[in-house]
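Spelled out from the first residue to the last, the chains are:
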Amino acid sequence: MSRYLIAVGGTGQHLALAMTRLVHLGAVRPDVSLIAIDPDSQSPLPKLLGEPGGLQGEAHPLKNGSVFAPFDLAKFGETTFDKLFIDAQHPREQEVFESMFDADMAGIPVHKGMYGTPCVGATVFAEGANGTGLQNLLKPLGNAGQVIVCGSVVGGTGAGVMHKLVGEVRRYYKGEMYGVFMLPWFTLPASSSSQGAITDAILSRNAAHGLKYFYEHTIPQLTLSLLVGYPGTEAYSVLRPLQVTDGDMGEHPHYLHLAAAWGLTKLSEQHVAHRGVKACTVAHNTDQEGWLLDEPWEAGKPLREIIRAHRVLLKLLEFLTKEVQSSLLDYYSGWSLTQSRAAWGDDLHQSIKNTERETKQQKVLVQGMLQGWEFIAKQSKFCVDWAQRLFPEAYLRLREGDPLLDALMGGPTQCWAELQRMWKGKPLAAKPHGRHTSYDIAWHHAQCILQDTITRGRG
Amino acid sequence: MAVIALVHKWDGPLQRAGLVTVGDGVHLPAGWQPDPRHYNPAALPTPFARAEATRLLLGQLEDVVVDGQPSNVLLTQFRLLLQGLAAGVLHLEPCDLASPDFDNFGRALLQVDPESRYFCRLVDSQGLGFGSTYRTTLLWGHARRTEQQWDNLAHQVHGLQKQALGLLAEWRSLLLSAGRWKPGECPWQCGVDWVIGNATGSPDLRTLHEDAALGGPVLLELPGSDAAKPSTLEPVYLPSLAVGRREQFRRLVLFAPRRGSEGVEFLDTHGNILGKILEPKASADADARALGAGSLQLLGDVKPADHQAPKLQELELLLGPLRQVFHSKGRPVDSTSVSREPYFYPDALRMLEELKKASAPKNLRLTTSCSARLWLGAHLPPVGTSCVRIAWPAAGEGVELVLTDTLLTGTSVTEVLDLRAFGAALFRVFLGEASLRGARILCQEKDLFAVGAHPLEPALWVYREVTGTPPEPLSRRLGILQRFVATYSVDGAPEPMEEALQKAASSFANWAYGTPVMSLGRRGERSLVVDLGGRMLRLGRDGYL
C-alpha cells in the first residue's frame with residue numbers, strides 16, 4: 001500500500017523535492033505518492049516540483065508533481081481574500097466576514113499566497129475544502145497505507161492550511177498519520193519592511209502561535225509529529241543559516257530538508273518504540289555533520305555511497321554524451337575507418353546488436369541511447385547538484401579517499417577503462433518477444449554503472 | 001560529541017544524533033509558550049482566530065491583567081462586550097451559518113468547524129456589530145470597530161456598570177448552584193469572573209427575576225453539573241438589564257394571544273400588537289432553540305389592564321409546539337426544571353412558568369389535551385365524582401395528579417375524559433395491540449401516551465377516539481370488556497394508582513358498552529411492566545390471546 005506525502009505550501013514543496021531526489025536515488029522506497037497543495041503553481045518552485053530533472057507525470061518519482069490550489073483558481077482568478085466571499089447579494093455574509101478579518105487581511109492577493117497570515121490561509125483552505133477539487137484529491141487516501149503531512153508553521157499557506165487539512169484527511173483515512181512541521185528555517189533580510197512584506201518578526205510570531213495551536217488542536221489528531229527548524233545563528237560546515245529574499249519563490253536547498261526527510265522515514269519506527277510520544281525532533285551531530293550520509297536509509301545502503309554512485313554515473317554519462325558521442329556515432333555510421341569500438345568494449349556493442357542487427361539502424365539506436373543517457377544524466381545531476389549544495393566535497397567522498405572519482409577526473413582513457421570494466425559481461429540480452437528501446441539499453445548500462453560503483457565501494 | 005536539537009529552543013542534554021522526543025512528548029514546552037500579551041489573531045491558523053486568541057487570553061488572565069488592566073486589546077473588548085450585554089446596551093442576534101444569507105463564507109466556516117453553526121452577533125441599538133459569540137470564548141471583539149466606536153460603547157455602559165455587574169453575579173450564582181461554574185475548566189467562566197470582580201447581586205436574585213431579560217441563546221461549552229459528567233455544548237441564555245421586564249410580561253398575558261406570522265402575538269382591544277413571542281422559521285435540520293425561539297419582544301410599554309384575567313391557558317396551548325421543541329432537546333418545560341436552571345429557557349417560557357407557579361394551586365394538574373377550557377384558580381376546581389387524585393412528588397412538593405372525566409363549570413358539565421381515555425389506552429394494551437419500544441408504548445405506530453406532557457396523559461388521538469358515541473363493534477364485546485374490568489379490579493380500598501387503573505378501565509368499558517360493565521371472567525395477567533412518568537405500572541393482557 002502506498003505512502004502519501006501531502007506537501008503544503010512552499011516549505012512542503014521543498015520537503016517534497018528532497019523526497020523526490022531521495023526516491024530517485026533509491027535511498028527511500030519508491031512507494032511514496034505526492035499531493036502538493038499551494039495557491040501558486042506558476043513560480044519556479046512548483047514548476048521544478050512538477051518536472052524534477054525532466055521527470056514528469058507518471059515518471060515522477062513521487063507519481064505526480066502537480067501542485068493544486070486550495071481553492072478553485074479558475075473560478076476566482078486573480079483575487080483578493082475578501083472577494084472570495086463578499087458579494088452585494090449577501091450583506092449578512094459581509095458583516096460576519098468583516099467582523100473576523102480586518103481590512104489588511106481582506107486585501108491579501110491570495111492567488112499569490114497568504115502573505116504570512118495563517119488565519120487567512122486557514123479560511124482560504126476552508127473555502128477550497130468545500131469544493132470537489134480538494135475532495136477528489138484526498139479520496140485516494142482511503143487506500144493509503146500511511147499518510148504524512150508536511151509543511152511549515154511559519155508561512156501563511158502551510159501554517160494556515162495544515163491544521164485544517166489534517167481534519168479533512170481524516171474524512172477519508174483513519175490509519176496512522178504523521179506530520180513533519182518545519183519551524184523557522186530561513187531568515188529574511190532586514191530590509192524587508194515594505195507593506196505586506198513578510199519579516200523575521202512575522203515568521204517568529206507565526207511559529208510561536210502556530211506551535212501553540214498545533215500542540216492543542218493538531219497533535220492529538222496525528223500519530224507522531226516531527227518538528228525541525230534552525231536552532232540558532234551559528235554556522236557549521238553543513239548546518240548553516242539561510243537568508244532568503246522576500247518574494248524569492250525558487251528552491252533553496254537546505255540541510256534541514258534532508259534531516260526532515262530522514263526523520264520522516266523513521267517516524268513509524270519511532271512511534272512503535274515510544275508509544276504515547278507525540279512530538280519529536282532530529283538531534284544533529286555538529287562534530288560529525290555527515291552522520292546522515294552514513295545512516296542506512298530505506299535502501300539499506302548509506303546515502304553517501306548512493307550519492308557517490310550517482311556522481312560516478314553523472315561523470316561517465318557526461319563523458320559519453322558530451323565528450324565522445326561523436327566517436328560512438330561515427331562508428332555506427334559506418335563511415336569511420338579509424339574508429340573502433342575497442343574503447344567501449346564488446347558488451348555495449350552486444351547490447352546494440354541484440355536489439356538491432358541492421359547496421360544502418362544501429363546508428364539510430366545509438367542516437368536514441370545518447371539521448372537516453374542525457375536524460376538519465378539530467379536526473380542524476382538534479383540529485384547530485386542538490387547534495388553538493390548541502391555538503392562540502394569532502395563529505396561526499398569515501399572517508400579513506402576516493403580513487404575512482406579521482407580517476408574519472410583524469411581524462412577519457414580512464415573513463416573508457418571504467419566503462420569497459422563496469423559493463424563487462426553484462427550486455428542487455430534480446431527480448432524473447434519484441435525488442436528493447438534505445439532508452440532501455442541506455443538505462444541498463446547506466447544501472448550497470450551504478451550497481452558496480454555501489455558494490456565495489458571504492459575504486 | 002556535540003549534539004544539538006534542530007528546533008529553535010532546547011532544554012536538557014542530548015546523547016546522540018537521531019530522533020529525540022521534544023519535552024515530555026505531548027505538551028508544549030514551557031519555553032515555547034508565546035507571550036500572551038502579544039497574542040495576535042493573524043498568526044492563528046483558524047478562521048475563528050479572534051475567538052481563539054481571546055480564549056487563550058482568558059486562560060492566562062494572571063499573565064495579561066496587571067492591576068486590573070488587560071495588556072491585550074482583545075481582553076479589553078471582551079470586558080466591554082460583556083458589560084455592554086449585561087447593561088442592555090448591546091443585544092444578541094442569533095444567526096445560523098447554514099442559512100443562505102451567509103453563502104459560501106458560512107459553508108466554508110462550517111466545513112472546518114461544524115459546531116460553530118449557531119452563534120450570535122452582538123449589536124447595538126443601531127444594529128452596528130461589536131462582536132460575536134463562540135462556544136469556548138463566550139464573546140470576542142469585532143475586527144473593524146474603531147477606537148472611537150469602542151469608546152462610545154464604553155461611555156454608554158459606564159452609568160449602568162454597577163447594575164450590570166450585579167446582574168451578572170446573580171446569573172453566575174444560578175450556574176454555581178447547579179454545579180456548572182468551574183472556571184478551572186472553562187476559560188469563558190474565568191473571563192466572566194474577572195469582569196464581575198467583587199460585584200454582588202441583589203438579595204434573592206431580585207434583579208434577575210424582575211428587571212432582566214435572558215437573551216440569545218449562546219451555544220457554550222458548559223461544565224457538567226457533577227464531576228462525573230463531562231462538559232457539553234448547551235444553548236445558554238445570557239442576562240441583560242431590562243427594568244420592569246417581569247411586570248411587562250405579567251401585563252402582556254392579560255391580553256389575548258394569537259398565532260401570527262412570526263410566532264405568538266398579543267393584541268390589545270384595538271388589534272394593535274403589544275408584544276410577540278418569536279418562533280423563527282427554521283429549516284428541517286435547524287435547531288429552533290438556537291435561532292431564538294421563545295424570545296420575547298415587547299413593542300412599547302404595556303399599560304396595566306388588571307380588570308382582565310391572565311390568558312395563561314390560551315398561551316399554554318399556543319406555546320405547545322415551542323414546549324415540545326425544548327422537551328425534544330431534553331429540556332422539559334415545567335416549573336421545577338425552569339426554576340432549577342432558568343438560563344436554559346427563553347424569557348417567554350421562563351416567565352410563564354414563574355407566573356403559573358405564583359397563581360396556580362399546588363395540587364392541580366392542567367389537562368392540555370382536551371378541548372375544555374379549564375380555569376386556574378386558587379382552589380381545586382369542581383370535578384365530578386369519578387375523579388382520582390394521586391400524589392406526584394416528582395412534579396413538586398404537594399403536587400397531585402388529578403384524573404377526571406368531568407368538570408363542573410357553573411351549572412354545566414364539561415367532558416374532560418381523562419379516565420376514559422386512560423382506560424382506552426389500557427384496553428389497547430389488553431387486546432395485544434400495543435408494543436413497547438424503549439420507553440414508548442405504541443399502537444399502530446402511534447404513541448399511546450403523549451410525549452412530553454403530564455404523566456399518564458394519553459395521546460390526543462386517544463382522547464378523540466373516546467369522544468362521542470362508541471363504535472358499534474365495541475358495544476358487542478361484553479365478554480372482553482368484562483374481563484378487562486376484572487383485570488384491573490381491586491378488592492378493598494385500593495391505593496391511588498390502582499384506583500386510577502380500576503376507574504379508568506370501568507370508565508372506558510361503561511362508555512364502550514353503553515351501560516355499567518361488571519367485573520367478570522378470567523382476569524388478564526398483569527405482566528407487562530411499563531414506566532409511565534416515573535411510575536412503574538403493571539398492565540394486563542387478555543388471557544385468551
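Residues numbered from 1 in each chain as written. Chains lettered and ligands numbered in written order. Predicted model: local features only at pLDDT ≥ 70, side-chain atom pairs only at ≥ 80, totals over all residues. Heavy atoms only, no water.

Trainee: Just checking my understanding: could you explain the overall build of chain B for this structure?
Mentor: Each helix and strand in chain B was counted, giving 18 helices and 23 strands. Its C-alpha atoms give chain B principal-axis dimensions of roughly 100 × 70 × 45 Å. In chain B, of all internal contacts separated by at least 6 residues, the share reaching a separation of at least 24 is 62%. Summing over all exposed atoms, chain B offers an accessible surface of approximately 24,100 Å²; the carbon and sulfur share of this is 53%. Here chain B carries 56 positive and 59 negative side-chain charges, and the mean point of each set is 4 Å from the other. (Helix = DSSP H or I, 4+ residues; strand = E, 2+ residues; numbered from the N terminus. Contact = heavy atoms within 4.5 Å. Areas by Shrake-Rupley, 256 points an atom, 1.4 Å probe, with all protein chains shown as cover. Lys, Arg positive; Asp, Glu negative; His and termini not counted. Charge placed at Lys NZ, Arg CZ, Asp CG, Glu CD.)

Trainee: Looking at this structure, how should I read the domain arrangement of chain A?
Mentor: Many descriptions give the size of an interface as the accessible area lost when the pieces come together. All names here are of chain A. Per the domain assignment, the segments of chain A are domain 1 (3-294) and domain 2 (303-456). Between domain 1 and domain 2, the C-alpha centre-to-centre distance is 38 Å. Between domain 1 and domain 2, the residue contacts involve 27 residues of the former and 19 residues of the latter. Between domain 1 and domain 2 lies a buried interface of about 2,300 Å² when both sides are counted; carbon and sulfur atoms form 71% of it. Of all residues in domain 1, Arg21, Leu25 and Leu293 give up the largest surface area on contact with domain 2, accounting jointly for 33% of the area buried on that side. In this assembly, domain 1 and domain 2 are joined by one salt bridge. A salt bridge links Arg304 to Asp294; the shortest N-O distance between them is 2.9 Å. Where domain 1 meets domain 2, there are five residue pairs in polar contact (both at pLDDT 80 or more). Of all the secondary-structure elements, those providing two or more residues to the side of domain 1 that touches domain 2 are α1 (9-25), α10 (255-273) and α11 (291-294). By residue number, the principal contributor to the side of domain 1 that touches domain 2 is α1, which donates seven residues. (Domains from an automatic or database assignment. Buried area = accessible area lost by both parts, 1.4 Å probe. Salt bridge = Lys/Arg side-chain N within 4 Å of Asp/Glu carboxyl O. Polar contact = N/O pair within 3.5 Å; in protein donor to acceptor, adjacent residues only side chain to side chain.)

Trainee: Sorry if this is basic, but what is going on with the packing of helix α17 (residues 478-488) of chain B against helix α18 (residues 496-513) of chain B here?
Mentor: For any two helices packed against each other, one specifies the inter-axial angle together with the distance between the axes. Residue and element names in this part refer to chain B. One can describe the packing of α17 onto α18 by two numbers: an axis separation of 8 Å at closest approach and a directional angle of 165°. Between α17 and α18, the angle is such that the two are roughly antiparallel. Between α17 and α18 lies a crossing whose hand is left-handed. Taken together, the residues of α18 that come into contact with α17 (itself represented by Leu478, Leu481, Phe484, Val485 and Tyr488) are Leu501, Gln502, Ala505, Ser506, Phe508, Ala509, Ala512 and Tyr513. For the contact of α17 with α18, the residue count by class is 11 nonpolar, two polar and no charged. (Axes fitted to C-alpha atoms, helices over the stretch in contact; angles between N-to-C directions. Parallel < 35°, antiparallel > 145°, perpendicular 65-115°, else oblique. Left-handed = near helix turned anticlockwise from the far one by under 90°. Nonpolar A, V, L, I, M, F, W, Y, C, P; charged D, E, K, R; others polar.)

Trainee: Please clarify how the nonpolar core should be interpreted in this entry.
Mentor: One broad trend across soluble globular proteins is that nonpolar side chains are buried collectively. Membership of the largest hydrophobic core comes to 117 residues, with the highest contact counts inside it found for Phe81(A), Val120(A), Leu138(B), Trp171(B), Trp188(B), Ile277(B) and Leu315(B). What Trp188(B) contacts, discounting residues up to four positions off in sequence, is Leu58(B), Phe78(B), Arg135(B), Thr136(B), Thr137(B), Leu138(B), Trp171(B), Trp181(B), Leu220(B), Glu221(B) and Leu222(B). Within the second largest apolar cluster, 62 residues are counted, among which are Val32(A), Val228(A), Ala260(A) and Val277(A). (Core = buried A, V, L, I, M, F, W, Y, C linked by side-chain atoms within 4.5 Å. Buried < 20%, exposed > 50% of the residue type's maximum accessible area, 1.4 Å probe, protein only.)

Trainee: I keep staring at the pattern of salt bridges and nothing clicks. Help me out?
Mentor: Pairs may arise between side chains of opposite charge once their charged atoms sit close together. Residue and element names in this part refer to chain B. A full pass over the atoms with the stated rule returns 55 salt bridges over all chains. Across the pair Arg172 and Asp193 runs a salt bridge whose closest N-O atoms are separated by 2.7 Å. Here Arg172, found in helix α6 (residues 161-177), pairs with Asp193, found in helix α7 (residues 187-196); they are 21 residues apart in sequence, far enough to count as distant. By relative accessible area, Asp193 is classed as partly exposed at 23%. For Glu262, the salt bridge identified is with Lys276, shortest N-O distance 2.3 Å. Of this pair, Glu262 sits in the loop between β11 (256-259) and β12 (263-267) while Lys276 sits in strand β13 (residues 273-278); the two residues are 14 residues apart in sequence, bridging distant segments of the chain.

Trainee: Mind showing me how you'd approach the interface of chain B and chain A here?
Mentor: If you look at the interface, chain B gives 64 residues, while chain A gives 74 residues. Buried area between chain B and chain A, summed over both chains or domains, comes out near 5,700 Å², and the portion from carbon and sulfur atoms is 63%. Taken together, the links from chain B to chain A amount to five salt bridges. Put simply, Arg92(A) and Asp101(B) hold a salt bridge, and the shortest N to O gap is 3.2 Å. Between the two partners, chain B and chain A, sit 28 residue pairs in polar contact (both at pLDDT 80 or more). If you list the elements that add at least two residues to the side of chain B that touches chain A, you get β1 (3-5), β2 (18-21), α1 (49-58), β5 (91-96), α4 (103-112), β6 (118-123) and β8 (138-141) of chain B. Take the side of chain B that touches chain A: its biggest share by element is eight residues, from α4(B). A class-by-class count of the residues in the side of chain B that touches chain A yields 39 nonpolar, 15 polar and 10 charged.

Trainee: How should the packing of aromatic side chains be read in this particular structure?
Mentor: Aromatic ring pairs: the centre-centre distance and the angle between the two ring planes describe each pair. Going through the model one piece at a time under the given rule, you end up with 35 aromatic pairs over all chains. Here the aromatic rings of Phe97(A) and Phe101(A) are separated by 5.1 Å at their centres, their planes lie at 45°, and the arrangement is tilted. The interplanar angle of 40° and the centroid separation of 6.1 Å between the aromatic rings of Phe391(A) and Tyr395(A) together place this pair among those described as tilted. Site record: aromatic cluster; members linked through ring pairs are Phe427(B), Phe430(B), Phe484(B), Tyr488(B), Phe508(B) and Trp511(B). Taking NZ or CZ as reference, Arg21(A) lies 4.0 Å from the ring centre of Phe382(A), over its face. Over the ring of Trp461(B) we find Lys446(B), and its NZ or CZ is 4.0 Å from the ring centre. (Phe/Tyr/Trp six-rings, centres within 6.5 Å; stacked < 30°, edge-to-face > 60°. Lys NZ or Arg CZ within 6 Å of the ring centre and 35° of its normal.)

Trainee: Looking at this model, I keep getting lost on the state of the cysteines. Mind explaining?
Mentor: Linking two cysteines covalently via their sulfur atoms produces the bond known as a disulfide. All names here are of chain A. For the structure on display, the rule yields zero disulfides over all chains. Cys280 supplies the cysteine sulfur nearest to Cys150, a cysteine that is in no disulfide, at a spacing of 14 Å. We classify Cys150 as buried; its relative accessible area is 1%. With no disulfide of its own, Cys448 lies 17 Å from the sulfur of Cys415, the closest cysteine sulfur. (Disulfide = S-S within 2.5 Å.)

Trainee: Can you walk me through the sheet that holds strand β7 (residues 129-134) of chain B in this structure?
Mentor: Strand pairing in a sheet relies on backbone hydrogen bonds, with the paired strands running either antiparallel or parallel. All names here are of chain B. The strand order β5-β6-β7-β8 describes an open sheet built from four strands, whose pairing is antiparallel. Unpaired on one side and paired on the other, β5 and β8 mark the two borders of the sheet. Across this sheet, the average inter-strand angle for adjacent strands is 35°, counted without regard to direction. Bridging between β6 and β7 involves three bridges; their strand directions are antiparallel. Across the sheet, the residue bridging to Leu122 is Gly131, located in β7. (Pairing = 2+ DSSP bridges.)

Trainee: Explain unusual backbone geometry to me, please; I cannot follow it from the model alone.
Mentor: Both trends apply: most residues other than glycine have a negative phi, and most peptide bonds are in trans. Residues and elements named next belong to chain B. Look at the link from Gly216 to Pro217: it is a cis peptide, with omega at 5°. Position of Pro217 relative to the elements: it lies in strand β9 (residues 212-222). Of note in this structure, Asp67 is not a glycine but carries a positive phi near 55°. Among the secondary structure elements, Asp67 is positioned in the loop between β3 (65-66) and β4 (69-70). Overall, Asp67 belongs to the exposed group, its relative accessible area being 75%. Even without being a glycine, Leu205 presents a positive backbone phi close to 55°. Tracing the backbone shows Leu205 in the loop between α7 and α8 (206-210).

Trainee: So what exactly am I meant to see when it comes to the pairing of β9(B) here?
Mentor: Along a regular strand, successive side chains alternate from one face of the sheet to the other. Residues and elements named next belong to chain B. Of all 11 residues that make up β9, nine are buried, and the element is covered over most of its length. Bridge count between β9 and strand β10 (residues 232-241): nine bridges; the pairing is antiparallel. What sits directly across from Val218, in β10, is Val236.

Trainee: Even after reading the chapter, I still don't get the packing of helix α3 (residues 73-86) of chain B against α6(B), so can you show me in this structure?
Mentor: Residue and element names in this part refer to chain B. Interaxial distance between α3 and α6 falls to 8 Å at its minimum, and their mutual angle equals 90°. Between α3 and α6, the crossing angle belongs to the class labelled roughly perpendicular. Residues Leu82, Gln83 and Ala86 of α3 form the contact with α6, whose participating residues are Gln161, Ala164, Leu165, Leu167 and Leu168. The class makeup of the residues in the contact of α3 with α6 is six nonpolar, two polar and no charged.

Trainee: Help me out: how do you make sense of the sheet that holds strand β19 (residues 434-437) of chain B in this one?
Mentor: Residues and elements named next belong to chain B. One open sheet holds the three strands; their spatial order is β19-β20-β21, and the pairing between them is antiparallel. Two strands bound the open sheet, and with one partner strand each, they are β19 and β21 (446-447). The sheet contact formed by β19 and strand β20 (residues 440-443) spans four bridges and is antiparallel. If you follow Arg437 over to β20, its bridge partner there is Arg440.

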